Structures are given as structure tokens and as C-alpha cells.
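These are the residues of each chain, in order.
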Amino acid sequence: MFDGSKQLTLTGTVRVFQWTNPHSYIQLVVKPESGPQQEWSLEMGANVYLYNLGWRPSTVKAGDTLTVTVVPLRSGAPGGLLVEAKTADGKSLVGSSAGDRP
Amino acid sequence: MNVPKTIPQRTLRCLVFSVVVSAIASLAVQAQSLPDWQGVWIAEGLTPEISGFPGPGAQYKLLGQTAPWNEQGMARVRVAQANQADQKADGWGFPLMMNAAAPLQFLIAPHETLIINVYRDVRHVYTDGRDHPAAGDRWPTTWGDSVGRWEGDTLVIDTVSVRDPNRYFFSNPPLSDQAHYVERLRKTGSDRIESTMTIEDPVTLTGPWVVELDYVRLTGLDRLIHDAYDNDRNEVEDGLFKIVPPKE
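> Could you give me a rundown of the overall build of chain B, with the residues and numbers involved?
What chain B contains, in helices and strands, is 2 helices and 11 strands. Traced from its N-terminal end to its C-terminal end, chain B shows the element sequence α-β-α-β-β-β-β-β-β-β-β-β-β. Out of the 248 residues in chain B, the part that is buried amounts to 43%. Look at the contacts in chain B between residues 6 or more apart in sequence, and 55% of them connect residues 24 or more apart.

This is how it looks when you write it as C-alpha cells:
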């Protein structure tokens, strides 16, 4: 699933924010220093979990710049578990850390 | 003596009215004496963060690590662990829904308490004095058959006929359908409900498995919000977990 031994920091532009169940997702377009841009699928908790933390469907919008901390997929594909997100002005959108899935 | 053969219509109406008023009054008195467990609750320490997982140190207490498994129980645990890689579930099922990262509500009425979580796991706990249905009238189900009673402010729930919980959700303990579950729940503070669950299973356990559970009020939710699983993007391919691209 996710490689809990690693955490990556990425900065990119939100293409889509899916406020959904059983998981919400942010599709983040990341431009590396070299090479083509990549779209990352960032998995989050269900929308109701995010709501409990104070998030709303409008918390993240297409075009927003985010700096995120991600636990990457073991497969190496551009995707992972979102554990922290900050807006362009450095404001944290509710920190988190990856616990163990039962 | 002159005894009327029929009750006069007006007297009959009065009688019916009195019976109805008396029944409503009785229910009202019962309802007033029932505990108030309103609100949305969650197992202590299991509130999900933005990742969907609880934070570090979270302890799921009903996975089975502390259960006194017998030989058959251990064999079931090994099979369950070997098979869980690409399993999915539509909810938590019982008993795991009682110690889950899933908000729940207790709806208390005189005749029944409903326990519902955000994944639409529903338990009907009948508190009207009935016993479980006869063995021939029930069969193992995901949430089992529950009856309850109030001992003061403690709700005692007796549950039987639970199908091997691991079949529904791969993290559930692989108990047999002969397992017997007794829970004692009591609200000990405005924001806290404490519970003890005792599980006995002649097939998989060497003795009672006693688990202490606590629920705390979830302040960020003013209601349970249910939603369909319409964006499940997790798949397993060649043994590796992946997130499939969005449909859009």
C-alpha cells in the first residue's frame, strides 16, 4: 500500500479536489526541477472525516498552490497518502500523520 | 340486575381515550428516565486525521491481538492475515464497528436502542424485555441479533448469531458464529461513554476475551453524514496497491 518509511514534500497546483467517499483526493500537478510535470493522486480520508476536522468542499480549489507532505505508494507511481497540506502563504490546512490502517 | 349488553358509544370512546393517554404517559415517563446519549461519538483515540487514519499511537482493541485464541482460533487468524491483501469492505461490521475510526450515534428509545455509524452499520438492540429469537428463527448475520436491558444507567447488550466477522471486513477477528458478546455501556461524563465487551466463543477462544472500550464526543460533527462508496480508486494489481486515475 503506502510506504510508511518515507515521506515526500511536493509543491504543485491543484487540478481537481474530489470531496468523496470512501476517500477524498487531491489531484496535484507537480513540476519537478527537471523532466516533465506529473499529476499526483493524493489520497485523503472520507469527506465526513475531513468535515469533522473543519474542512469543507470549498477548502481546496482548482488552481490553488499547495505544498504537501505525502507517504508515497510502494509501487513508485505518482500517488500517496496526504498527511499534511499547506497553502501558498504557509498556512497549514490541518496537520496530520499517518497511523496504521487496521 | 339490569346489565347492559353493549357498552354505550360515549363510554367506549372515554375508555379508549383513557387507555391511549395512559400509554402515552407511560412512554413519556419511560423516555424521561432514559439516559441522554445524544450527539456523535467515536472510539477514543481513533479520530481520523486528514489521511483517513487515526494518529500515531492509535489502538484498535478488537482486531484480536489480545484475544485468548485456541488452536483453531490461531489457525483462523493465520488464514485471515494471508487473505487480507486485496480485500475490501462496505463497512466495519460487528464487533469492529464498536471500536472503529467511524463516528457513531446511540439512539435510545424505551423499546429499542439503535446504534448507527457513518458507514451505515446498524445495530438494533431491543430493550422491550424480549429474548433472542428461538434458534430455528435466527441465523448468523453480519451484525448479529441483539437484545438489551437497562440496569440503572448501564445498557447491557447481549448479542449472538454473528457470522464470522472477518468475512465482512478483513480486520475483524475471525470468531465463529457461536460467539456470544456481552457489552455493558455507561455514560460516565458529558463527553464520555465507557464500555466493557466480553466475548466468549467455544470454537476459537480458550476463555472470555474482555475488552475495555471508551467513546468520546466528536465535536466536529453535528450529525452523521452518510455517502455512497462512489469514488473507490483503490485497486491491487500484481500484488501492488495502486490508486487508479480519477474518472472525471
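> Which residues make up helix α2 (residues 71-83) of chain B, and what values go with them?
An ideal rise of 1.5 Å per residue puts 18 Å on 13 residues; α2(B) measures up with 19 Å between its terminal C-alpha atoms. Backbone nitrogen of B:Gln72 and a side-chain oxygen of the N-cap are separated by 3.1 Å at the start of α2(B); the cap is B:Asn70.

> A description of the interface of chain B and chain A should follow, citing residues and the corresponding values.
In this complex, chain B contributes 40 residues to the contact, which on the side of chain A involves 41 residues. Summed over both partners, the interface of chain B with chain A comes to about 3300 Å²; 60% of that surface belongs to carbon and sulfur atoms. Considering only the surface of chain B that becomes buried against chain A, B:Ile50, B:Phe53 and B:Phe241 emerge as the three largest contributors, covering 25% of it. Joining chain B to chain A, the criterion identifies 0 salt bridges. Put simply, chain B and chain A have 19 residue pairs in polar contact (both at pLDDT 80 or more) between them.

> Hey, could you go over the packing of aromatic side chains for me, with residue numbers and the actual values?
Within this structure, the stated rule accounts for 13 aromatic pairs over all chains. Note on A:Phe17 and A:Trp19: the rings are 6.1 Å apart at their centroids and 75° apart in plane angle, and the pair reads as edge-to-face. Of the residues examined, A:Phe17 reaches a relative accessible area of 14% and is grouped as buried. One aromatic cluster is present, formed by B:Trp37, B:Phe106, B:Trp150 and B:Tyr215 through successive ring pairs. The ring of A:Tyr51 has A:Arg56 sitting right over it, with the charged end atom 3.7 Å from the ring centre. When the ring centre of B:Tyr126 is taken as origin, the NZ or CZ atom of B:Arg130, which lies over that ring, is 4.0 Å away.

> Tell me what's going on with the side chain of B:Ser51, and back it up with residues and numbers.
With respect to the helices and strands, the residue B:Ser51 is situated in the loop between β1 (41-43) and α2. Within the structure, the side chain of B:Ser51 is placed 3.2 Å from the backbone nitrogen of B:Phe53, a separation counted as a polar contact.

> Which residues make up unusual backbone geometry, and what are the values?
Here A:Asn21 and A:Pro22 are connected by a cis peptide whose omega angle stands at 5°. For A:Pro22, the location among the structural elements is in the loop between β1 (8-18) and β2 (25-30). That bond from B:Phe94 to B:Pro95 is cis: its omega, 10°, falls within 30 degrees of zero. Within the secondary structure, B:Pro95 is located in the loop between α2 and β2 (104-108). Positive phi outside glycine occurs at B:Arg120, with the angle close to 65°.

> I'd like a rundown of the environment of B:Thr204, residues and numbers included.
Residues and elements named next belong to chain B. Examined against the element boundaries, threonine 204 turns out to sit in the loop between β8 (192-200) and β9 (209-217). A residue is classified by how much of its surface remains accessible, and threonine 204, at 0% relative accessible area, is buried. Considering only alpha carbons, one finds threonine 204 and valine 40, 164 residues apart in sequence, at a separation of 34 Å. Here aspartate 201 takes part through its side chain, which lies 2.7 Å from a polar atom of the side chain of threonine 204.

> Tell me about the sheet that holds β1(A), and name the residues and values.
Strand pairing in a sheet takes place through backbone hydrogen bonds and is either antiparallel or parallel in direction. Reading around the circumference, β1-β2-β3-β5-β4 (chain A) is the order of the 5 strands in this closed barrel, with mixed pairing throughout. Geometrically, the sheet is characterised by an average inter-axis angle of 55° between neighbouring strands, direction not taken into account.

> Report on the confidence of the model for chain B, specifying residues and quantitative values.
On average, residues of chain B carry a pLDDT of 90, and 88% of them reach 70 or more. Two numbers describe this predicted complex: its pTM, 0.86, and its ipTM, 0.87.

> Describe the pairing of strand β3 (residues 38-43) of chain A, listing the residues and the values that go with them.
By the bridge criterion, 6 bridges tie β2(A) to β3(A) in an arrangement that is antiparallel. Paired with A:Gln27 across the two strands is A:Ser41, which belongs to β3(A).

> Requested: an account of the pairing of strand β5 (residues 79-87) of chain A, with residues and values cited.
Residue and element names in this part refer to chain A. In this sheet, β5 lies alongside β3 in parallel orientation, the contact comprising 3 bridges. Residue pairing in the sheet places leucine 42 in a bridge with glycine 80 of β5. Pairing between strand β4 (residues 65-72) and β5: 7 bridges, direction antiparallel. Bridge pairing in β5 links valine 71 to leucine 81. Two successive antiparallel strands, β4 and β5, enclose a turn made up of 6 residues, where glycine 76 displays a positive phi of approximately 90°.

> Please set out the nonpolar core residue by residue, giving values where relevant.
Most often, soluble globular proteins have nonpolar side chains that are buried together. If you look at the biggest cluster of nonpolar residues, it comprises 53 residues, and the most contacted ones within it are B:Trp92, B:Met98, B:Phe106, B:Ile199 and B:Tyr215. Mapped onto this core, the elements with two or more residues apiece are α1 (47-52) of chain A together with β1, β2, β3 (112-117), β6 (154-160), β7 (180-189), β8 and β9 of chain B. The element best represented in this core is β9(B), accounting for 5 residues. Setting aside chain neighbours within four positions, we find B:Phe106 in contact with B:Trp37, B:Trp41, B:Met98, B:Leu114, B:Ile115, B:Leu185, B:Ile193 and B:Tyr215. Of all hydrophobic cores here, the second largest spans 19 residues; its members include A:Leu42, A:Val60, A:Leu66 and A:Leu93.

Definitions and cut-offs
- Residues numbered from 1 in each chain as written.
- Chains lettered and ligands numbered in written order.
- Predicted model: local features only at pLDDT ≥ 70, side-chain atom pairs only at ≥ 80, totals over all residues.
- Heavy atoms only, no water.
- Helix = DSSP H or I, 4+ residues; strand = E, 2+ residues; numbered from the N terminus.
- Buried < 20%, exposed > 50% of the residue type's maximum accessible area, 1.4 Å probe, protein only.
- Contact = heavy atoms within 4.5 Å.
- Expected span 1.5 Å × (residues − 1).
- Polar contact = N/O pair within 3.5 Å; in protein donor to acceptor, adjacent residues only side chain to side chain.
- Buried area = accessible area lost by both parts, 1.4 Å probe.
- Salt bridge = Lys/Arg side-chain N within 4 Å of Asp/Glu carboxyl O.
- Phe/Tyr/Trp six-rings, centres within 6.5 Å; stacked < 30°, edge-to-face > 60°.
- Lys NZ or Arg CZ within 6 Å of the ring centre and 35° of its normal.
- Pairing = 2+ DSSP bridges.
- Axes fitted to C-alpha atoms, helices over the stretch in contact; angles between N-to-C directions.
- pLDDT = per-residue confidence, 0-100.
- Core = buried A, V, L, I, M, F, W, Y, C linked by side-chain atoms within 4.5 Å.

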